Amino acid sequence: MTAPIVQFDGVSRRFGELLAVDDANLEIYPGEVLAVLGENGAGKSTLMKMLYGIHPPSTGRILIDEKPSTIEGPADAMSNGIGMVFQHFSQLPALSVYDNLLLAWPQTPFWTGRRNPRIAPALQTLSRLAPEVNPRAKLAELSVGEQQLVELCKVLNISARIVIFDEPTSVLTPAEARSLHGFIRQLAEDGAAVILITHKLADVEACADRIAVMRRGGIVDISQRGDREMSEIVSLMMGKEVKRTLSAPKPLKRRVQQLFIDKVCAEAPGAALHDISLTIARGEVVGIAGVAGNGQTLLAEVVAGIHPVTSGDVVLDGGSIARFAENDTLATSLGYIPEQPRQNAVVDGMTLARNLNLRALAKGARSDEVNPEDLLRRFNVNPPEPDRLAGTLSGGNLQKLVSARELGSFRSGILACYPTMGLDLAAIEMVYGEIFAQAEAGAAVLWISEDLDDLLVAAHRIAVLREGRLVAIKTNDGTLSRDEIGALMTGLNTSEAAA
Amino acid sequence: MNGFNRSRLVIAGVTCFAFITLTLVFFALLGKPPFEMLAKLAIFAVGDAYSISQTLAKTTPILLCALAAAVPGRLGLISVGAEGQLYAGAIAGTAAVLAAPALPGILLVPFMLMSAALGGAAYGYVPGLLRARLNINETIITLVLNYVSVLLVNALVFGPWKDPDSQGWPATISFPQGAILPALPGTRIHLGLLLAVALAIGLHLFFTKSRMAPKIQILAGNRKVGEMFGLNFGFWVIALMALGGAIAGIAGIAEVSAIQGRLQPTISLGYGLTGFLVAWLSRHQPLIILPVALLVGGVVAGSDALQLYAKVPAASAVILQGLLFATALAVPGIMKNMRFGLER
């Protein structure tokens, strides 16, 4: 085997009290894809940010080409041939693809006119990687998957020898993820060392050569792919044997309609809903499937009473819960888990305890509605300190915090948007368990998800949202297939799929 | 917690040191003996009873204007309209006095104060309403409205409200005795200071202890979450903008009644903007605004006197204020960055 291009030699990193990375030893070789697998907060990103120069190690050293690394920051890392594709891209959405690429390219000439031959190399990668992307298009007009490809082009343009991907597939559709896996393999075959930070086993199965498993800051295992069963890797990651026990909640015997969405139309910048009608019974779980950006966010905000309807109504327990004008005052009675909890569901500057009690606080109540300690423990929020500010929690733990608030006591209606986004396996089980327990206790559940497999296992019915319309509502009787729903989502072969 | 407080003390100490150093440099550049001038500045601010009275007289409008900016600031709004609201309050308060000049003081003073508060509140209500209903930026509107009420005062005192016996001097009649805010005898410390301090303490309790406090905090932190739980952002925008305006309005009539004795063109020496900066430095916390306003009031009063007795240029007062705000804003930021640097 050739010499390692990167070596971590007893590297640790401390943030105050927290030991984020604990004595990591790891070699990375050119021409391979190394998957760094671990739960939220296991230290994967921190480890790679040390290589990228964002954080220097507290102790230990990093060797590049067998010489101690002198990298002091991202710019330095890039000029040393290390590129990183971040979970949240660093792009300028108002500029064109072309401008974004040129801005990140060190060799960009002063004059960037269209005919300047010196800018051609910066665009070649794009035309190779994603010929369908128009370089003149504004970045904001691209899908998330295309934006990620542009981000990847930026990294390839610096002719990186080491490419780090931080959770690259968490925002992609299955098809986009598959093509990204292809690019990752291609990169490795061209001789680069590729590091893939992920907590998705699917990524590992699709393209990793070697797998490093991290848990609580330490590297607990490094193996060649195929040496270990996936279940073995999962248990290494989690520290205990975990079985995926997702199953649909038992439907209630008597069918009583509880949540009515009645001919709802609504409009928002860039999205519209047309005539959405759906009725959900007590104890029923209805999944909404659809490619991201087909009106899911708007549907959620309309049902939650945040965005006004232009016509139609939403009724829960016999009372309207829709907002009819921007200035209405309306407290939703739904348990609502929105997407992106940091923007949509928590108050950063308040403590965890107060965030759990927002309903009571907003009503002007003096005493707490819920006991924060119990909830934090039950929903496994880490660290379970009620007096900590919510803004200091990691994304996964914020998601758990919101679940704790919304699912901590019984609600007659629940609206969950991507409720497991960014969570590790144990937390996913826990959140689904809580949602389905509510359904069994009589809640009507509307569940917006991008994970077709989970929907097919656990939803009683699946509605497909495309271009702001419910194009189909299918009973999930065991005969539904991934492909059938997929066809409805994309609108291809609709007649065939509907037949 | 202890370490946290200590680091704050260190920051405050370094800020003072930087301000004093820069002040010394400034005096040296003027060609004056720096240490002597600094000592004089301190003496003119707090050296004797008269200086203290002057300092407190300057503190009062600054404190009220700072509270006026802090109230909407608690909701995350940036209102720079205290100056205009101060003038609006002065107009409304003067209107009350002109309407019923013969009322006894026990009735006229509350009537005048109430009218001024309403005038200021109306002047805050307008940008509040525009922000709440049409999402028009409150900073711009409050900024431009400042000019309107300042010029409206000019229009009134040059026009309909001009004292016919003043022989061309643009001012209203002198306020009757019953419309003068009671003051400590022989000083310029008046009822307005008491009101301002009481307001600061009251607002502190309102923003920390009342049932409304968490509502405002939720809306300030995340409007979407607040609206999800039934809070009305628009209502609070209007309410807090109007409340801030009312406080600035009181500052206006207090200046007119207790200091000037009549409405005339220049009521405020930029108190509105000074107050805005004080509120910003104090992070909109009323109990921190109290000492900061006192400090700024001291610098203003001291440098005013310095200009009279030590023959420094008239601009010195403004320059010293500028140095104070610049150091107070820059030093903590610089120190924070240095600390992060060390942590790496």
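Residues numbered from 1 in each chain as written. Chains lettered and ligands numbered in written order. Predicted model: local features only at pLDDT ≥ 70, side-chain atom pairs only at ≥ 80, totals over all residues. Heavy atoms only, no water.

Trainee: Just to check I follow, could you spell out the confidence of the model for chain B for this structure?
Mentor: For residues with low pLDDT, the predicted coordinates do not support detailed interpretation. Mean pLDDT over chain B stands at 89; residues scoring 70 or higher make up 97%. Here the predicted complex carries an ipTM of 0.76, next to a pTM of 0.73. (pLDDT = per-residue confidence, 0-100.)

Trainee: Help me out: how do you make sense of the sheet that holds strand 14 (residues 311-316) of chain A in this one?
Mentor: The strands making up a sheet associate through hydrogen bonds between their backbones, and the pairing can be parallel or antiparallel. Residue and element names in this part refer to chain A. On the basis of which strands lie adjacent, the open sheet formed by four strands has the order 12-11-14-15 and antiparallel pairing. The open sheet has two edge strands with one neighbour each: strand 12 (271-281) and strand 15 (319-320). Bridge count between strand 11 (residues 257-268) and strand 14: five bridges; the pairing is antiparallel. Within strand 14, the position partnered with Ile261 by the bridge is Val314. (Pairing = 2+ DSSP bridges. Helix = DSSP H or I, 4+ residues; strand = E, 2+ residues; numbered from the N terminus.)

Trainee: Teacher, can you tell me more about the nonpolar core here?
Mentor: Generally speaking, a soluble globular protein has its nonpolar side chains buried in company with each other. A:Ile288, A:Leu415, A:Leu446, B:Leu75, B:Ile218 and B:Val278 are the most contacted members of the largest nonpolar core, which totals 123 residues. Looking at which element gives the most residues to this core, the answer is helix 10 (residues 233-260) of chain B, with 15 residues. Excluding residues that lie within four positions of it along the chain, A:Leu446 makes contacts with A:Ile261, A:Leu278, A:Ile280, A:Val286, A:Ile288, A:Val303, A:Ile414, A:Leu415 and A:Ala416. By size, the runner-up hydrophobic cluster in this structure holds 45 residues, among which are A:Leu246, A:Leu407, A:Leu456 and A:Leu480. (Core = buried A, V, L, I, M, F, W, Y, C linked by side-chain atoms within 4.5 Å. Buried < 20%, exposed > 50% of the residue type's maximum accessible area, 1.4 Å probe, protein only. Contact = heavy atoms within 4.5 Å.)

Trainee: Hey, could you run me through the packing of helix 7 (residues 191-208) of chain B against helix 8 (residues 212-221) of chain B in this one?
Mentor: Each pair of packed helices gets described by two things: the angle between the helix axes and the distance between those axes. All names here are of chain B. Where helix 7 contacts helix 8, the axes come no closer than 6 Å and their chain directions differ by 75 degrees. Classified by the interaxial angle, the pair formed by helix 7 and helix 8 is roughly perpendicular. Only Met212, Ala213 and Ile216 of helix 8 make contact with helix 7, whose side of the interface consists of Phe206, Phe207 and Thr208. Of the residues contributing to the contact of helix 7 with helix 8, the split by class is five nonpolar, one polar and no charged. (Axes fitted to C-alpha atoms, helices over the stretch in contact; angles between N-to-C directions. Parallel < 35°, antiparallel > 145°, perpendicular 65-115°, else oblique. Nonpolar A, V, L, I, M, F, W, Y, C, P; charged D, E, K, R; others polar.)

Trainee: Any chance you could explain the packing of aromatic side chains here in plain terms?
Mentor: Each aromatic ring pair is described using two quantities: the centre-to-centre distance and the angle formed by the ring planes. Across all of its chains, the model carries eight aromatic pairs over all chains by this definition. Seen from their ring centres, B:Phe235 and B:Trp236 are 5.2 Å apart, and the 80 degrees between their planes marks the pair as edge-to-face. Of note, A:Arg136 hangs over the ring of A:Tyr98, and the distance from its end group to the ring centre comes to 4.3 Å. (Phe/Tyr/Trp six-rings, centres within 6.5 Å; stacked < 30°, edge-to-face > 60°. Lys NZ or Arg CZ within 6 Å of the ring centre and 35° of its normal.)

Trainee: Teacher, can you tell me more about the environment of A:Ala77 here?
Mentor: All names here are of chain A. Structurally, the position occupied by Ala77 is in helix 2 (residues 74-79). Put simply, Ala77 and Glu267 are 190 residues apart on the chain and 45 Å apart in space, counted from C-alpha to C-alpha. The residues contacting Ala77, other than those within four sequence positions of it, are Tyr52, Ile71 and Ile82.

Trainee: What is the right way to look at the domain arrangement of chain A in this model?
Mentor: Note on interface size: it is often stated as the accessible area lost on association of the parts. Examined at the domain level, chain A breaks down into domain 1 (6-238) and domain 2 (257-498). Here the C-alpha centroids of domain 1 of chain A and domain 2 of chain A sit 32 Å apart. (Domains from an automatic or database assignment.)

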